[in-house]
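Take a look at the letters that make up each chain.
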Amino acid sequence: MKKIALALLCALGLQAADHDLYTHSVQVVGEYSFNSDDMYLKDGLGWGLRYAYNFDTVNPWEIGAVQFAFDYQFDEGYVVGGSSAVYRWGVNALWYADNPSDLTPFALLGLGAQFFTEEEHGVKDGLFGAVGGGVEYQLRGDLDLVAEGKFLYGGDESAFVTTIGFKYNFGQ
């Protein structure tokens, strides 16, 4: 399944939209978090908000946007008893594959902090690194459908987070 998804993202890299048109964007996403076994926290649903400042890029190695992210995983039970919600704050750098099309793949690299409402079973608040990618589909000039997957590594408290949502672009 991972090989199919990777091949699909590579093929979609040949077709992409232009992200240099708007300076700002905001996103509202729903998410599902696959938590590591060491965290003892069950996988669960959540939601997120994003703000991005977009740069006018010429080369593919230039950062296309800096994104500020907030994610909230609903209160889920620990495998061994108790429960906790998770708050995650992060800053991400995004690289876009800009081509004239409605579909735009992107890569993501970032840092953040996560906080648990209940620190149980050795789980502690802390920092994490994020690496991932996704795809945006332009519904109209200022509105995109966004899907993203990212791995958050913070030692024992790591997770793979998948999101889907809408992105509104503004500020030409």
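This one's a predicted model, so the numbers in the text were calculated from it and none came from an experiment. (Residues numbered from 1 in each chain as written. Predicted model: local features only at pLDDT ≥ 70, side-chain atom pairs only at ≥ 80, totals over all residues. Heavy atoms only, no water.)

## Concerning the nonpolar core
Side chains of a nonpolar character, in soluble globular proteins, are inclined to be buried together. The test is simple: Definition used in this section: a nonpolar core is a set of buried Ala, Val, Leu, Ile, Met, Phe, Trp, Tyr and Cys residues joined via side-chain atoms within 4.5 Å. Burial here depends on accessible area, computed with a 1.4 Å probe over protein chains only, as a share of the maximum for the residue type. Under 20% is buried, over 50% is exposed, and the range in between is partly exposed. Counting from the N terminus, the helices are DSSP H or I runs at least four residues long and the strands are E runs at least two residues long. Here a residue-residue contact requires only that any non-hydrogen atoms of the pair lie within 4.5 Å.
Membership of the largest hydrophobic core comes to 18 residues, with the highest contact counts inside it found for Met39, Leu41, Leu94 and Phe116. Of all the secondary structure elements, the ones that give two or more residues to this core are β4 (83-96), β5 (103-116), β6 (126-140), β7 (143-153) and β8 (159-170). Not counting chain neighbours up to four residues away, the residues in contact with Leu94 comprise Ile63, Gly64, Ala65, Gln67, Phe106, Ala107 and Leu108.

## Details of the sheet that holds β8
Test applied: Two strands are said to pair when DSSP picks up at least two bridges between them. Helix axes are fitted to C-alpha atoms over the stretch in contact, other axes to C-alpha atoms as well, and angles between N-to-C directions run from 0 to 180 degrees.
Taking strand neighbours around the barrel as the criterion, the 8 strands line up as β1-β2-β3-β4-β5-β6-β7-β8 in a closed arrangement whose pairing is antiparallel. Strand after strand, the sheet turns through a mean of 25° between neighbouring axes, direction not considered.

## Some thoughts on the pairing of β8
One ladder, built from 12 bridges, connects strand β1 (residues 24-35) with β8; its direction is antiparallel. Counted as the bridge partner of Ser33 is Val161 from β8. Taken together, the 10 bridges between β7 and β8 define a ladder with antiparallel strand orientation. Directly across from Ala147, in β8, lies its bridge partner Ile164.

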